[in-house]
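Residues per chain are reported as follows:
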Amino acid sequence: MNIVITVTNKEVPVALSLRTCVRTAAATAAAAMLALTTACSAGLGGPASSRTAQDGVIRFTFAPDPIWDYMHDTGIVDQWQRDTGYSIETSATWDEFGLFAGGHADIISTASFEVPGLEEQTQRETVIIGRYNAERSRIMVRADDTAQSLADLRGRRLGVFTTVSGTLVWSALVAQMHDMKVLDGDFDIVVADIQNLSNLLARGEIDACICYPDLSARELRDGSVRPLYDGKSSADLFAELNAPGHDGPMGNVFVARKDWVDGHPGEVSAFLDLWDRGLAEWQEHRDEMIERYPQHFAVATPEDIAFMKAYVAEHDWVTDEVRFDEQWAEDESSIFDLMRTTGVISDDITDPQFLPTEGVQP
């Protein structure tokens, strides 16, 4: 496998998109993912609490996020604290793994398929308590490329932002669909900054990329690049091939320490209620959030903001509800079955634990 790391000086917006200032990793595919601290703007408040867990207090560490910023700025969080009697201590960082490992957070967010890695890196037993958004990366090529799928791109340059994270999901899907290996010789892998991948593609420096649409707004809007697989994301294809009707795998779920969850059911339920309100606000005020916090979507110009509004309206990756049931958890776990079957992860990687609460009263 040839892996090239590309650096570019192209100017891009400072903050990354909705919940994906990308975690890169120092682990192998069989091991786990470790977060990379990135110099991004933060919107969740001050530094992490150094206090130990206590009743009535939720220590929540989250990467900068438009829905949370909106709830904070419009007073929804303050009202929730008054109504419930609980308080929420927040800290904004891309190094959620590090704070969790240090015992400074009760709840963080990560991809569902990164949870086994979280446990390995932090040595803390965890449980997934809520869902947030689907893994939304697409395979993109230049608009004038005749390729119809990755099967037509064997031996060519594939740009990725990391050899783990969402690339693992695509590795499993490509093995399932085309009997090809993403990271083992069928492509020349080029690792580059996620914000620059679509620009590198448009300039001809790579032939395809695993790209996020909200970080490719300019190139998608001007028509220089196009998605393969009818514009379907990794989550769309996974559901289509492996779990019909499912909305995952999740690019972000809410994960908590299991010992804290076991001892704080009221706090867990209230936290999920707050995020159900946030998801409802997103559905009602999505355009306003994109306008209000364009930095979270890596857009700046009026044209790109308008494009992003239209794109998200058609391809919304945010879930309708934070709670889930047993069937959803079973379907979400099947991403691990696929990754083990295709050899993307080793057989000894276990599924994460889930806490189904849909329809369950506290």
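The structure we're discussing is the one just above.
The sections below set out a description of the structure shown in this document. (Residues numbered from 1 in each chain as written. Predicted model: local features only at pLDDT ≥ 70, side-chain atom pairs only at ≥ 80, totals over all residues. Heavy atoms only, no water.)

Residue position: Pro213 is located in the loop between strand 9 (208–211) and helix 7 (217–222). For Pro213, a relative accessible area of 0% puts it in the buried group. Sequence separation of Pro213 and Ser137 is 76 residues, and the distance between their C-alpha atoms is 6.8 Å. Here Pro213 is in contact with Arg136, Arg138, Met140, Leu220, Met308, Tyr311 and Trp317, once residues within four sequence places are set aside. (Helix = DSSP H or I, 4+ residues; strand = E, 2+ residues; numbered from the N terminus. Buried < 20%, exposed > 50% of the residue type's maximum accessible area, 1.4 Å probe, protein only. Contact = heavy atoms within 4.5 Å.)

It is at 9 Å that the axes of helix 10 (residues 265–292) and helix 11 (residues 302–314) come closest, and there the two elements cross at 160°. Judged by the inter-axis angle, helix 10 sits roughly antiparallel to helix 11. Crossing handedness for the pair helix 10 and helix 11: right-handed. Counted together, Trp282, Arg286, Asp287, Ile290 and Glu291 of helix 10 and Ile305, Met308, Lys309, Val312 and Ala313 of helix 11 form the full contact between these two elements. (Axes fitted to C-alpha atoms, helices over the stretch in contact; angles between N-to-C directions. Parallel < 35°, antiparallel > 145°, perpendicular 65-115°, else oblique. Left-handed = near helix turned anticlockwise from the far one by under 90°.)

This brings us to the state of the cysteines. Covalently bonding the sulfur atom of one cysteine to the sulfur atom of another cysteine gives a disulfide. Under the defined criterion, the tally for this structure stands at one disulfide. One disulfide in the model links Cys209 with Cys211; its S-S distance is 2.0 Å. The sign of the -125° torsion about the S-S bond sets the Cys209-Cys211 disulfide as left-handed. The burial state of Cys209 is the same as that of Cys211; both residues are buried. (Disulfide = S-S within 2.5 Å.)

This paragraph deals with the environment of Asp188. Within the secondary structure, Asp188 sits in strand 8 (residues 188–192). Of the residues examined, Asp188 reaches a relative accessible area of 28% and is grouped as partly exposed. With 33 residues separating them in the primary sequence, Asp188 and Gly155 have C-alpha atoms 6.2 Å apart.

This part is about the pattern of salt bridges. Tallying each qualifying case throughout the model produces 24 salt bridges. In this structure, Asp186 engages Arg154 in a salt bridge whose closest nitrogen and oxygen atoms are separated by 2.8 Å. Linking Asp186 in the loop between helix 5 (166–178) and strand 8 with Arg154 in the loop between strand 6 (138–142) and strand 7 (157–160), this pair joins segments that are 32 residues apart in sequence. With a closest N to O distance of 3.5 Å, Glu288 and Arg292 form a salt bridge. Taken together, the residues Glu288 and Arg292, both in helix 10 and four residues apart, mark about one turn of the helix. By relative accessible area, which is 35% here, Glu288 ends up partly exposed. Given a relative accessible area of 38%, Arg292 falls into the partly exposed group. Salt bridges linked by common partners bring Arg142, Asp145, Arg156, Arg157 and Asp207 together as one network. (Salt bridge = Lys/Arg side-chain N within 4 Å of Asp/Glu carboxyl O.)

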